[in-house]
Amino acid sequence: MNAPMNDFLPLRRIDHVEFYVGNAKQSSVYYAQAFGFLNTAYRGFETGDRERASYVMEQGRIRFVLTAGTTADSPIAQHAYRHGDGVAIIAIEVPDAAEAYEVTTARGAQGVIEPTSEEDAHGVFRYSAIQSFGDTLIKFVQRDEYDGVFAPGFKARAVPRQERHEGVGLVEIDHIVGNVEKGMMDYWVDFFARIMGFSQLVHFDDRDISTEYSALMSKVMQDGTGRIKFPINEPAEGRRRSQIQEYLDYYGGPGVQHVAMLTGDILKTVRELRNRGVEFLHVPETYYEELSDRVGPIDEPIDELAELGILVDRDDEGYLLQIFTKAVEDRPTVFFEIIQRRGSRGFGVGNFKALFEALEREQAIRGNL
Ligand code: FE2
């Protein structure tokens, strides 16, 4: 399935995700202490950058960059003011950043950063960027001729004891979900198909995932290799305000809703994250009473899944285990998913109803339902 729709835009992998935040110094400690990331590189006043401070945080093959502006008129500070802490840039490694820019803009993308080269003692680092939903950019990064710690301008910080920092066992980004305005999902589905050559993976409509009070529609776009997956949500009619609408209201428009990170041992990873203070959505106990009937035999003990609040879903290919954090900032916007795949390549559609019922309890507590 999913043969590459075309090969006009070769993509390698998600290189990094850059968050614009209010206070990168403090955020870096949260991602280190709570989520187990290692700060491997830094730029800021001390490295000669007067405008911003950035912390590169690594775990497994996951790389987050946390960036804050250092003056009120900084576009980075303004992004954080408008949206709260959130994903500003999804960076994808490509073999040729200039060509990626030419190809995507020729196909209708709005160019934001023209092909740019930066050079230091470690080589040449090339990049470009196009506009995606809301204020989110897709950045093309070419690092074949660069062997520095991250990019020119950054100084190395801690060095992983092994080749990769193991942290709490998070190994790579599984998917990144965007929330867009009502009526705009198909526009962005078309954007990823037409501009970037992605194809649609699965479709489930609001009948599958609506609850009494709020609903959404979702389509999953993935690149030809299947390594890069971008589900896109839009709010659907419900009796009360959709949780996607709540996100849009507080984020101030479309943006990244959650980043899902893969683990090879979700029981161990989630236990560790809970011990470190990460807060997860509450799952009703009744969920586990019905679990065996719904998903059949699984390797993990159900009492342990219940204790940790881990969800399970099964499809033709196998099953998956997943759990969602609460929003990681004061606004009800960005959160994380921890996922372990045991054959299933899905996204847990069977869990949507249980998840949204749980999400809505949180929403009701905030008085936003
Ligand atoms: Fe997800």
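Residues numbered from 1 in each chain as written. Predicted model: local features only at pLDDT ≥ 70, side-chain atom pairs only at ≥ 80, totals over all residues. Heavy atoms only, no water.

1. Observations concerning helix α1 (residues 24-33)
Phase 1: Taken together, the buried positions of α1 are Ala24, Ser27, Ser28 and Tyr31. Buried positions in α1, seen along its axis, are confined to an arc of 105° and lie on one side of it. Of the exposed residues in α1, the ones pointing more than 90 degrees away from its buried face are Lys25, Gln26 and Gln33.
Phase 2: Buried residues along α1 sit in contact with β1 (13-20), β3 (52-59), β4 (62-69) and β17 (335-342). (Buried < 20%, exposed > 50% of the residue type's maximum accessible area, 1.4 Å probe, protein only. Helix = DSSP H or I, 4+ residues; strand = E, 2+ residues; numbered from the N terminus. Arc of directions from axis to C-beta. Contact = heavy atoms within 4.5 Å.)

2. As for the sheet that holds strand β5 (residues 86-93)
Phase 1: Strand order in this open sheet of nine strands is β6-β7-β8-β5-β1-β4-β3-β2-β9, and the pairing throughout is mixed. Because the sheet does not close on itself, it has two edges, and the strands there are β6 (111-120) and β9 (155-156).
Phase 2: As paired elements, β5 and strand β8 (residues 137-142) share five bridges and run parallel to each other. Bridge pairing in β8 links alanine 91 to lysine 139.
Phase 3: Lying on the sheet, helix α2 (residues 75-83) is in contact with β1, β3, β4 and β5; it crosses β4 at an angle near 100°. (Pairing = 2+ DSSP bridges. Axes fitted to C-alpha atoms, helices over the stretch in contact; angles between N-to-C directions.)

3. Thoughts on the domain arrangement of the chain
Phase 1: Domain boundaries in the chain define domain 1 (13-163) and domain 2 (170-366).
Phase 2: Taking both sides of the interface into account, the surface hidden between domain 1 and domain 2 amounts to around 3,000 Å²; carbon and sulfur atoms contribute 69%.
Phase 3: Residue glutamate 172 is joined to arginine 61 by a salt bridge in which the shortest nitrogen-to-oxygen separation is 3.4 Å.
Phase 4: The interface formed by domain 1 and domain 2 contains eleven residue pairs in polar contact (both at pLDDT 80 or more).
Phase 5: At the level of secondary structure, the elements contributing two or more residues to the side of domain 1 that touches domain 2 comprise β1, α1, β4, α2, β5, β7 (123-131) and β8.
Phase 6: Counting residues per element, the side of domain 1 that touches domain 2 draws most heavily on α2, at five residues.
Phase 7: For the side of domain 1 that touches domain 2, the per-class residue count stands at 21 nonpolar, 14 polar and six charged. (Domains from an automatic or database assignment. Buried area = accessible area lost by both parts, 1.4 Å probe. Salt bridge = Lys/Arg side-chain N within 4 Å of Asp/Glu carboxyl O. Polar contact = N/O pair within 3.5 Å; in protein donor to acceptor, adjacent residues only side chain to side chain. Nonpolar A, V, L, I, M, F, W, Y, C, P; charged D, E, K, R; others polar.)

4. Digging into the nonpolar core
Phase 1: Counting 80 residues, the largest nonpolar core has Tyr31, Phe35, Phe64, Phe140, Phe192, Met196 and Met261 as the members making the most contacts within it.
Phase 2: The element contributing the most residues to this core is helix α4 (residues 185-194), with six residues.
Phase 3: Each of two domains, domain 1 (13-163) and domain 2 (170-366), supplies a minimum of three residues to this core. (Core = buried A, V, L, I, M, F, W, Y, C linked by side-chain atoms within 4.5 Å.)

5. Brief notes about the packing of aromatic side chains
Phase 1: For the coordinates displayed, the defined rule picks out 27 aromatic pairs.
Phase 2: Between the aromatic rings of phenylalanine 198 and phenylalanine 230, the centroid separation amounts to 5.6 Å while the plane-to-plane angle is 25°, which identifies the pairing as stacked. Here the residue phenylalanine 198 occupies a position in the loop between α4 and β11 (199-204), and phenylalanine 230 occupies one in strand β13 (residues 229-236), the gap between them amounting to 32 residues.
Phase 3: According to the relative accessible area criterion, phenylalanine 198 is buried, its value standing at 0%.
Phase 4: The buried category is assigned to phenylalanine 230, whose relative accessible area is 3%.
Phase 5: Cluster of aromatic residues (ring-pair linked, three or more members): Phe19, Tyr30, Tyr31, Phe35, Phe37, Phe64 and Phe336.
Phase 6: Of note, arginine 107 hangs over the ring of phenylalanine 8, and the distance from its end group to the ring centre comes to 3.6 Å.
Phase 7: The side chain of arginine 341 reaches across the aromatic face of phenylalanine 347, ending 5.5 Å from its centre. (Phe/Tyr/Trp six-rings, centres within 6.5 Å; stacked < 30°, edge-to-face > 60°. Lys NZ or Arg CZ within 6 Å of the ring centre and 35° of its normal.)

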